Each structure stands twice: as structure tokens, then as C-alpha cells.
Amino acid sequence: MRPPIWQPPIELSPKESTVVKRIRKAKLFVFLRQIRHELFDSDFQLELAKIFKDSSVGLSPVPPAQLALFIILQAYTGVSDDEAIEAMEMDRRWQLVLDCLDCEKAPFSKGTLVKFRALLISQSFDRRLIEKTVEMAKVRGGYNSTSLRIALDSSPLWGAARVEDTYNLLGHALRKALSIIAESNQDSLENVASSFSADIVAKTSLKAALDLDWDNPEARNIGLSNILQTLSLVESQINQKTDLNDSTAQQVQSNLAIARQIETQDVEEAADGSPKLRQGVAKDRRISIEDEDMRHGRKSRSQKFDGFKRHIAKDLDIGIVRAVGITSANAPEASVTLDIESDLKQQQVTIQELHIDRAYLTSHLVKQRTDDLTIICKAWKVRNGKLFDKNAFVLDWDNSLIRCPNGISLPFHEGGVVHFPEHECLACPLRAQCTTSKHGRTISIHPDESLLFELRERQTSEAGRAQLRQRVSVEHSLAHIAHWQGDQARYLGLRKNLFDLRRIAVVHNLHVLARMSHITPENSSLITYS
């Protein structure tokens, strides 16, 4: 049997009217009360119920629509599961939306919420919540086009797990392995660690247990050697143990493998054969034991962060966030576009205009674009010191010729290098302004030079610059999403944080819907938030 359909009343009761009048801020509570029957109509509820297994035994007493509405409120208010359950029992605004006004006990438990969230994630139904708000926006805004003007942008999202140095990463992985054995044997970590001659990992602080002068490079190498020797000793003894059940042995070996991963990426052999820390940062370096997806990242040369990047794709015509994505902090921005495109295909739409910053220029959307797609992006600035830059050369695209400032023309192709003849450059009256090379001027042609040329040409016109400024709208939406979500991830791992970002996008879209009666495609970029 499927869970029941939620059928809360549509009209406000006298008690609800009193609560509505008292809400001065946080107007999304009022709006959700007004449109909950539209957001979770009967068809959508039947679709939502399919994430539960059809069984003839038992019946979920909690309608999925009520749980889904709860997680939207949780995203809006930014509270934990325990705080949200408490708010449902104490806050009449929550009770107003969830149809449990003046209840003394929450209609469902934290366990029910956790299971429902896991089902949403496993069935990718968090994406459907975004799509439902898009459908409502199209109806309210009278917008039926399937050709979109999409803007992409990203911002840093710090990871929720602890970032540690190499010594503590190794110790943490070892401690987890021994803790699993201790739990399985119903023994203390101290006793288990002692039996494996690994007492240092059972202490509160690994570095305190080693008791070294950590400012001394030689002492640091000794400490690293001691940790690795302990790791090898523990591995050797575990491989000889036969009293561990399969599940425990698998978990222990998994954590020992993580320790070896840390060793491989961070440790190298010194001239005398002893281990020492590798200079520099290994590619795709793991920085946390608890969250394997977190990475070091940069938003700019000066701005570093540890964790993830969040990306949003905004429909510039109706102001709705159509799709979102999460990547590790070290992943190029362009890597998210495959997931964004996949989500947009579910909405049966195509991109007509793509407004991006230069970090997305290497994406497959740009490289594999069709003639129907227009890329709107600020061009890279062309520089060549005090000498003529590439803009001083005329590109004849019809004949594939490049002409220098002195009128010399040569054939070119994208991805190639044009070498102007040495004798022509030596005799050229403009040589001092063009090149200092004894062998003549060279011009590199980018593999996608035609696009870069188009971008440079566009921003020389007033209309082109106005078109570039439209991308500011997605920056504003991303700032509002960051306001609700915060700068730190709520969960561990890419998938759970994608779920969190998707429900925050739903909150954003609900704010747009609340203003939809005052919005037309011409003024959608002027949406303001409370």
C-alpha cells in the first residue's frame, strides 16, 4: 500500500487567519500555506508516493507531501533535524504550513524524516521538487518557451568535515580502524590499541602522544616514521586475525586503505630511505577522513577554501533556478555542465543563450555547441606589452587569412600558429611596434578563435555590453542561495550536499513565485528579496 494523499484545507480557518496576521517577516510561511495545495497537487503526490515500495503490509501514517514541505521549511530556516522537530512543536508558523496548528507533539519523528530524505536522494526526487516550482512559474508567468536563456555561476562551499594535516590524517584513519574492532568486541579503544602496540592513536591528541618538537624538521620526520611503522604493525596483525566477522574486517581494511592513500599522496622517500613529507600538494589530494569528496580549492589567486563548489543555472526570462550542481573544490567549473544539461533535458528544454563567466568556456556546452546556441561571455583581454596585440591583426574568416598592420596576409587555421616571413618583418616600417624577434612575428590562433573573436567584437558595442550585464542576475540569485544555505556545507559528501542545494533552490524559486504576479519576462532580472 502506498502512503496516504495529504488533503489539508485550502481556506484559512479563523485560528490560521490570526497567525497569518501576526507574521511580520518570514512571509514564505504565509505563501507556502496559500499554495501548498498547488505545489503538492494530487498528481504530484501520487508521483511522490512512488518512491516508497508498494507493499500490502503496513501503511505510512505520514503523507510524503507533508514531509517534503517540512524539508523545504527546514532549508528556509537553516535549522538541524532536532531543531526543526522542536520548531514544529513550538512555532505556530511551522504548524500553520504543516496543518498541525496547536499540536503538542510533532506528527512524525526524526527517524521518519531521515528515512524520507534518504528515499528522496536515492530516487533523485529532490530534482523533481525544483521541476515542480518551474512548472508553477511557467503557469503563473504565462511562459511556454522551450528555448532558454540560461546563466551559470558558482561560489565556494566549505566542507562540513575536519581538514587535517598528514600526521593527523594517518592517525585518524588508524583510530577509526581500531575503533571498529573495539566496538565489535565491546571493548575500549585504549585496550584494543594497546593490544596492537598502537597506543599513540588512542590518545586525545596524536601529536601530544608522540611528544616531539614539531618545529624541528628532523623531529617531524621521526614522528612520521613512527606513525607509518604503527600503521604497518597494525596491518600485519589484522591480516593474521581470524576472529573478525566479514563486515568488521571490510570496514577495518577500508580505513587502513585510506591511510595508505594518504601515505601515497603525501609521503616520499628521503635520500637515506626514511619517509618525509612530499613538497607541494598532490593532485586531487584527500584532505579529510570523514568526507572523501572534500578538496582544496581556489576561487581566485588569493581566495582559498576547502570543500566544494556550488553551481546554479538560472532562467533569465522568468527568474527561476532551473538546475544546480555540486563539485569538489578542485574541479574546474566546466565539469558541472554535463550534470546541468542532464537536469535540463528532464525539463524538455534547450539552451538558446548561455551566459557564463570565462571559467565555463572549456565546458562541453561551449566546445560542442550548435549554431543555434549563442555564448554570452566577457572575452579574455588580449595583451602584448607595448607591442601590437592580436587585435591589431585583421582576421578574414571567409578566406581564412590573417592580415598584419602592414598589410601582409597569410593563411591561418584555428589551433595553429602563423609565422610571418622573416624578410618581410625585417623590412617592415612598423617592426619596432610589432616584434623584437629576429625571426619575425608569430601569432597563435586559439582552437576556438572564432568564438573568442565573436566575444571581443560583441563587447565593443553598447548593445553587447548591455547583454553581458544580464549575467549579474545569476550572481544575485547565488548570493541569496548562499544566504539561506550559508558558507559551510550541512552534510558530508557530494550527493547529500546536492540534495541540500536543490532544496535551497526550491526556496529561491518559491520567493520568485511569490512575486510572480508582478513579474513579466522583461523585468524578471529586477526581482528583490526580503
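Residues numbered from 1 in each chain as written. Predicted model: local features only at pLDDT ≥ 70, side-chain atom pairs only at ≥ 80, totals over all residues. Heavy atoms only, no water.

The next thing to look at is the nonpolar core. When a protein is soluble and globular, its nonpolar side chains tend to lie buried together. Core analysis: the biggest nonpolar cluster contains 103 residues, and Leu32, Phe40, Phe70 and Leu510 have the highest contact counts within it. In terms of nonpolar packing, the next biggest core, distinct from the first, is built from 35 residues, Tyr167, Val192, Val234 and Ile289 among them. (Core = buried A, V, L, I, M, F, W, Y, C linked by side-chain atoms within 4.5 Å. Buried < 20%, exposed > 50% of the residue type's maximum accessible area, 1.4 Å probe, protein only.)

On to helix α21 (residues 494-514), then. Helix length check: α21, at 21 residues, gives a terminal C-alpha distance of 30 Å against a target of 30 Å (1.5 Å per residue), a fit within 8%. Burial analysis of α21 places 17 of its 21 residues in the buried class, the great majority of the element. (Helix = DSSP H or I, 4+ residues; strand = E, 2+ residues; numbered from the N terminus. Expected span 1.5 Å × (residues − 1).)

Now for the confidence of the model for the chain. Confidence along the chain averages 89 in pLDDT terms, with 96% of residues attaining 70 or more. In this model residues 518-530 is a low-confidence stretch, pLDDT under 50, and it forms 25 contacts with partners more than four residues away in sequence or in other chains. (pLDDT = per-residue confidence, 0-100. Contact = heavy atoms within 4.5 Å.)

Here strand β5 (residues 304-315) lies mainly inside the structure; 11 of its 12 residues are buried. The loop that links strand β4 (residues 295-298) with its antiparallel partner β5 comprises five residues. Bridge count between β5 and strand β6 (residues 321-328): seven bridges; the pairing is antiparallel. Considered in β6, the bridge of Arg310 is made with Ile326. Between the antiparallel neighbours β5 and β6 lie five residues, among them Gly319 with a positive phi of about 80°. (Pairing = 2+ DSSP bridges.)

Take the pattern of salt bridges next. Within the structure shown, the criterion is met by 36 salt bridges. Between Glu353 and Arg149 there is a salt bridge, and its shortest N-O distance comes to 3.5 Å. Note that Glu353 is positioned in strand β7 (residues 350-355) and Arg149 in strand β1 (residues 147-158), a separation of 204 residues in sequence. On the basis of relative accessibility, which here comes to 16%, the residue Glu353 falls in the buried class. With its nearest N and O atoms 2.9 Å apart, the salt bridge here joins Arg295 to Asp284. Here the residue Arg295 occupies a position in strand β4, and Asp284 occupies one in the loop between β3 (275-277) and β4, the gap between them amounting to 11 residues. Using a relative accessible area of 9% as the deciding quantity, one classes Arg295 as buried. The exposure class of Asp284 is partly exposed, given its relative accessible area of 42%. Among the charged side chains, a salt-bridge network with shared partners connects Glu47, Arg127, Arg128, Glu131 and Glu135. (Salt bridge = Lys/Arg side-chain N within 4 Å of Asp/Glu carboxyl O.)

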